[in-house]
Amino acid sequence: MDIQVRVWRQSGPSDKGRMVGYDVKDISPDASFLEMLDVLNEKLILDGDDPVAFDHDCREGICGMCGMMINGVAHGPERATTTCQLHMRHFKDGDVIDVEPWRAAAFPVVKDLVVDRGAFDSIIQAGGYITAPTGAAPDAHATAVPKKDADAAFEAATCIGCGACVAACPNGSSMLFTAAKVAHLGLMPQGQPERDTRVLGMLQAQDDAGFGGCTNAGECTTVCPKGIPLTLIGRLNSDYRNAVRKR
Amino acid sequence: MSDLWNDGDPIADAAAPDGPIETRWQRRKFGAKLVNPANRRKLTVIVVGTGLAGGSAAATLAEAGYHVKSYCYQDSPRRAHSIAAQGGINAAKNYRNDGDSIYRLFYDTVKGGDFRARESNVYRLAEVSVNIIDQCVAQGVPFAREYGGLLDNRSFGGTQVSRTFYARGQTGQQLLLGAYQAMERQIGLGNIEMNARHEMLELIVVDGKARGIVVRDLVTGEITTELADAVVLASGGYGNVFFLSTNAKGCNVTASWRAHRKGALFANPCYTQIHPTCIPESGTHQSKLTLMSESLRNDGRVWVPSRAGDHRAPGDIGEDERDYYLERIYPSFGNLVPRDIASRAAKNVCDEGRGVGPGGLGVYLDFADAIGRLGRPAVEAKYGNLFEMYQRITGEDPYLVPMRIYPAVHYTMGGLWVDYDLQSTISGLFVVGEANFSDHGANRLGASALMQGLADGYFVLPTTISNYLAAGPFEKVRDDHPAVVDARSSVRKRLERFLEIDGDRTVDSFHRELGHIMWECCGMERSEEGLIKAIGLIRGLRDEFWQRVKVPGAGEQLNQNLEKAGRVADFFELAELMCIDALHRAESAGGHFRAESQTPDGEALRHDDRFGYVAAWEYADPDGKPTLHKEQLDFEYVHPSTRSYK
């Protein structure tokens with residue numbers, strides 16, 4: 001199939017940036033979206049142009065490195081799918097596809113489609129862990145965890161930190177990301193001692209990093225490749241209220 | 001001695017303790033010198049890579065009080081490729097009361113590795129496996145649990161006990177996030193200096209000791225030197241030398257190869273694991289292959305049409321026209337034979353013209369029986385995410401049509417040679433995880449890579465590196481020391497050269513061609529003729545690369561093609577060494593079938609008398625002859641026998 005992509009080109013943080021159109025011909029419907037960009041880049045290099053910079057690594061939907069706005073939707077038209085797992089069979093011959101980077105105040109553009117998501121790491125630093133230095137652990141069966149809680153913790157822990165939630169949010173909020181980690185650790189008995197400090201620290205860190213507030217728009221969960229539910233934000237708010245009350 | 005390599009002195013001492021194997025690690029730990037807690041913060045340790053081994057090592061060293069500097073090429077330490085491991089992690093907990101023990105895990109791992117691993121190391125791995133699970137649970141890793149709240153286990157590829165702990169099909173992700181979170185805590189406390197989007201491009205060796213690295217900031221292109229008292233490489237495996245593999249696109253050999261060039265021996269480079277259950281290639285655009293967890297083989301049945309050239313849809317092929325070849329050839333293990341056996345059997349049936357799907361490079365993995373027996377909801381609960389992944393990639397619904405699978409390169413057992421302390425042949429250079437030649441011998445069993453990465457990082461390295469650092473702090477190295485200046489300028493020159501060539505072929509086009517040569521000649525089946533041919537082809541292609549490669553852009557910016565060019569240049573040198581190693585090892589061991597070494601019924605034939613050693617290679621310039629040093633392997637406990645799964 002033949003398509004046209006209109007790609008955001010920005011040489012660096014100080015460049016204003018612009019959309020540039022490219023024809024990509026003879027693409028297999030079985031190619032992934034990133035493989036389509038690979039084909040485009042091979043052509044650009046041989047033509048003496050600058051290839052499009054984009055982040056990617058595992059290309060199997062788990063590392064969270066890839067991500068772009070495709071026709072205005074984070075990770076493109078398929079639900080619960082990262083950009084690397086989106087295939088060209090979901091587009092039609094002759095389509096014109098707009099490709100842009102995540103746009104959020106806390107995720108500055110580095111180059112083209114590459115953004116800096118270091119702010120996510122700073123949220124985790126502020127409490128997204130259980131303090132358990134190596135060597136200090138009791139036997140794994142010392143504490144039983146109800147299966148229901150373990151399963152719910154796992155579901156929350158499947159967040160891949162790609163940032164689609166932030167990119168989709170009209171406020172550029174990271175609440176779904178933070179909520180997923182707060183839920184994962186808060187559902188485990190091992191996570192209880194730090195439950196209050198965790199939620200206070202992480203919410204402060206996301207404010208400090210320049211993420212916006214949550215107004216329950218729900219765009220985040222719609223684009224989340226792992227389907228992290230909006231209810232976790234309610235849980236986060238409840239944990240926050242409890243922590244503030246006890247402060 | 002041969003035209004292609006020199007024979008060197010054997011490796012006399014791997015620093016493994018002797019005496020009863022059950023107490024070797026205890027005795028080594030007690031014998032290790034300790035560093036006074038007050039002195040630890042004066043010692044700096046560099047850790048390259050943030051996967052299971054590097055992440056756990058960095059966190060643990062920082063918790064102990066060392067100053068840690070950590071580097072990864074990704075934009076966050078959480079993205080290292082350990083995250084993609086699906087199936088699980090082994091531990092000899094015997095929670096199932098099914099006869100498991102540390103000794104049995106040790107025994108299975110030595111045997112599974114086809115008697116090409118060091119017994120002392122493997123025993124230690126089995127011993128600390130139980131601590132890993134405790135550690136991860138304490139960190140909040142949400143392992144699968146039973147209704148009573150205790151941890152669930154499953155049996156996994158090639159073992160007859162249930163010792164594999166798992167978190168649905170995302171065990172690697174959950175374990176890595178545990179290590180990452182421990183790391184982030186230490187970053188927040190100021191004990192780890194994290195440098196994401198930085199790539200190590202050279203090792204700095206001063207007076208015979210590893211004292212630092214040269215790194216490139218992948219955003220600005222700035223080249224800097226980073227100095228330390230010791231360097232830990234946790235930079236993963238080199239499966240991407242095949243271009244198509246299940247590795248992440250960025251996985252590379254550069255950190256290891258730079259250390260090899262500076263004197264670290266590279267062991268068993270030809271030992272690569274070919275995983276039997278991957279999604280087959282779909283066309284020339286293919287950029288990587290995706291693994292389907294082999295846990296699928298617990299319920300899926302592998303088959304091909306009995307007749308060659310049968311292109312009917314699978315549903316149209318009757319039971320009597322199907323060949324469930326694993327069940328037929330290996331009745332006692334059936335579909336659960338180890339990875340190497342399953343991979344080669346798939347290749348054999350495809351070579352006979354009985355492969356399915358585009359190009360005939362695929363076999364069916366069929367869940368119809370399991371769905372009939374257990375019901376769709378049960379199959380969905382067990383494998384739902386894997387089925388979804390398959391459908392997303394292929395556009396086919398595996399609940400209705402059997403999956404198509406084919407072997408792909410997945411893991412590399414070879415790597416930098418290390419002694420019992422995980423120290424390479426360069427003092428102060430430690431290597432952990434997949435980057436070292438590891439404890440898996442010639443074949444890795446399922447669910448043991450996660451175990452090894454975390455064993456090295458959480459428990460082994462922090463003890464053994466202390467023994468080395470106790471001799472420090474070492475004399476401070478100045479930034480203008482000749483060894484530092486040389487390392488920095490060689491990196492600059494090399495980058496400039498890539499940019500100056502300005503040829504007419506892309507880096508990827510060379511990489512793809514190199515990978516094809518390796519897959520054909522140094523993949524599942526190797527022959528003397530094929531390997532000699534491959535060496536010639538690799539040398540020719542390498543020369544062409546240095547004349548015709550085109551790397552656009554400049555060095556002082558984010559330049560993803562410049563990054564790739566450096567990695568592919570090192571893959572060329574590695575590829576040649578892999579072929580030489582494969583050529584010299586004229587036996588079939590693990591998944592490496594050597595055409596000239598087979599039993600009358602076509603099974604792999606090992607030669608313990610001639611090849612019962614680790615082949616550790618000393619670097620030679622391209623076109624030169626690398627030198628082979630042998631570490632003889634002694635099997636005091638698990639005596640070599642022929643593996644039989646029939």
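On a plain count of helices and strands, chain B comes out with 17 helices and 22 strands. The C-alpha atoms of chain B give 24 Å as radius of gyration, which agrees with the globular expectation for 646 residues (26 Å, within 12%). Projecting the C-alpha coordinates of chain B onto the three principal axes gives extents of approximately 75 × 60 × 45 Å. Counting every position in chain B, which comprises 646 residues, the buried fraction comes to 60%. Put simply, of all contacts in chain B between residues at least 6 apart along the chain, 74% involve residues at least 24 apart.

Looking only at helices and strands, chain A has eight helices and seven strands in total. Dimensions along the principal axes, computed over C-alpha positions, put chain A at roughly 60 × 35 × 35 Å. Expressed as a percentage of the 247 residues in chain A, the buried residues total 52%. The contacts of chain A with a sequence gap of at least 6 include a subset with a gap of at least 24, amounting to 71%.

Turning our eyes to something else, we now look at the environment of B:Lys262. Residue and element names in this part refer to chain B. Take Lys-262: it is sitting in the loop between helix H7 (254-261) and strand S11 (266-267). Separated by 59 residues in sequence, Lys-262 and Leu-203 have C-alpha atoms that sit 7.2 Å apart. Those residues in contact with Lys-262 that lie beyond four places of it in its chain are Leu-203, Val-205 and Ile-426.

It is worth spelling out the sheet that holds strand S12 (residues 272-278) of chain B at this point. Residues and elements named next belong to chain B. Strand order in the open sheet formed by five strands is S12-S16-S15-S13-S14, with antiparallel pairing between adjacent strands. Either end of the sheet is taken by a strand with one partner, and the two such strands are S12 and strand S14 (322-323). When S12 meets strand S16 (residues 403-412), the two strands line up antiparallel, connected through five bridges. Note on S16: the bridge partner recorded for Thr-272 is Thr-412.

Right, let's get into the sheet that holds strand S7 (residues 198-206) of chain B. All names here are of chain B. Ordered in space as S7-S8-S9, the three strands form an open sheet in which the pairing is antiparallel. Edge positions in the sheet fall to S7 and strand S9 (223-227), since each of these pairs with one other strand and no more. For this sheet the average axis-to-axis angle between neighbouring strands, irrespective of direction, equals 30°. Summarising the sheet, strand S8 (residues 209-217) and S9 pair through five bridges and their orientation is antiparallel. Considered in S9, the bridge of Val-215 is made with Thr-224. Sitting on the sheet, helix H13 (residues 482-501) touches S7, S8 and S9, and the angle it makes with S7 is about 145°.

Contacts between chain B and chain A engage 61 residues on the former and 62 residues on the latter. When contributions to the side of chain B that touches chain A are tallied by element, the ones reaching two or more residues are helix H3 (52-64), helix H5 (119-138), helix H6 (171-188), helix H11 (376-394) and helix H16 (560-584) of chain B. Residue contributions to the side of chain B that touches chain A peak at nine residues, all from H6(B). When its residues are assigned to classes, the side of chain B that touches chain A shows 21 nonpolar, 25 polar and 15 charged.

Moving on to the domain arrangement of chain B. All names here are of chain B. The domains assigned to chain B are domain 1 (275-407) and domain 2 (485-612). On a C-alpha basis, the centres of domain 1 and domain 2 stand 30 Å from each other. With six residues of domain 1 at the interface, the matching set in domain 2 holds five residues. Among the residues making up the side of domain 1 that touches domain 2, the classes are represented as one nonpolar, one polar and four charged.

So, about the packing of helix H5 (residues 175-186) of chain A against helix H6 (residues 195-208) of chain A. Residues and elements named next belong to chain A. Here H5 crosses H6 at 170°, and the two axes come no closer than 11 Å. One way to sum up the angle between H5 and H6 is to call them roughly antiparallel. Only Arg-195, Arg-198, Val-199, Met-202, Leu-203 and Gln-206 of H6 make contact with H5, whose side of the interface consists of Thr-178, Val-182, Leu-185 and Gly-186. A class-by-class count of the residues in the contact of H5 with H6 yields five nonpolar, three polar and two charged.

All names here are of chain B. A large share of strand S13 (residues 301-305) lies buried, amounting to four of its five residues. Two strands pair when backbone bridges link them, and S13 and strand S15 (residues 363-366) are joined in this way by three bridges, in the antiparallel orientation. When the bridges of S15 are listed, Arg-301 appears paired with Asp-366.

Moving on: unusual backbone geometry. Cis geometry is found at the peptide bond from B:Gly472 to B:Pro473, where omega equals -5°. Structurally, the position occupied by B:Pro473 is in the loop between helix H12 (449-469) and H13. In this structure, A:Asn216 is a non-glycine residue whose phi angle is positive, near 55°. Looking at the element boundaries, A:Asn216 is found in the loop between H6 and helix H7 (219-223).

Here we take up helix H8 (residues 231-246) of chain A. Residue and element names in this part refer to chain A. Compared with the 22 Å implied by 1.5 Å per residue over 16 residues, the 23 Å span of H8 between its first and last C-alpha is a close match. Those residues of H8 not exposed but buried are Leu-232, Ile-233, Leu-236 and Asp-239. Down the axis of H8, the sector holding all buried residues measures 115°, keeping them to one side. Facing away from the buried side of H8, by more than 90 degrees, are the exposed residues Thr-231, Gly-234, Ser-238, Arg-241 and Arg-245. Of the surrounding elements, those touching the buried residues of H8 are helix H3 (147-157), H5 and H6.

Turning our attention to the domain arrangement of chain A. Residue and element names in this part refer to chain A. Under the domain assignment used here, chain A contains domain 1 (3-105) and domain 2 (117-131 + 143-246). Here the C-alpha centre of domain 2 lies 29 Å away from the C-alpha centre of domain 1. Residues of the side of domain 1 that touches domain 2, tallied by class, amount to nine nonpolar, six polar and one charged.

By size, the foremost hydrophobic cluster in this structure holds 282 residues, and its most contacted members are B:Val45, B:Val232, B:Leu233, B:Leu416 and B:Cys579. The dominant element in this core, judged by the number of residues it contributes, is H16(B), at 14 residues.

Before going further, it helps to spend a moment on H3(A). Buried within H3(A) are the following residues: A:Ala150, A:Ala153, A:Phe154, A:Glu155, A:Ala156 and A:Ala157. Considering only its buried residues, H3(A) is in contact with H5 and H8 of chain A together with H6 of chain B.

Residues and elements named next belong to chain B. Remark: helix H4 (residues 102-112) packs on H5, axes separated minimally by 8 Å, with the N-to-C direction vectors making an angle of 135°. The orientation of H4 with respect to H5, classified from their angle, is oblique. Our pair here, H4 against H5, has a crossing hand that is right-handed. Touching Ile-102, Leu-105, Phe-106, Thr-109 and Val-110 of H4 are Glu-119, Val-122, Tyr-123, Leu-125, Ala-126, Glu-127 and Ser-129, all from H5. In the contact of H4 with H5, the residues fall into eight nonpolar, two polar and two charged.

Procedures and definitions
- Residues numbered from 1 in each chain as written.
- Chains lettered and ligands numbered in written order.
- Predicted model: local features only at pLDDT ≥ 70, side-chain atom pairs only at ≥ 80, totals over all residues.
- Helix = DSSP H or I, 4+ residues; strand = E, 2+ residues; numbered from the N terminus.
- Rg over C-alpha atoms; globule rule 2.2 N^0.38 Å.
- Buried ≥ 20, exposed ≤ 12 C-beta atoms within 10 Å, placed from the backbone.
- Contact = placed C-beta atoms within 7 Å.
- Pairing = 2+ DSSP bridges.
- Axes fitted to C-alpha atoms, helices over the stretch in contact; angles between N-to-C directions.
- Nonpolar A, V, L, I, M, F, W, Y, C, P; charged D, E, K, R; others polar.
- Domains from an automatic or database assignment.
- Parallel < 35°, antiparallel > 145°, perpendicular 65-115°, else oblique.
- Expected span 1.5 Å × (residues − 1).
- Arc of directions from axis to C-beta.
- Core = buried A, V, L, I, M, F, W, Y, C linked by C-beta atoms within 7 Å.
- Left-handed = near helix turned anticlockwise from the far one by under 90°.

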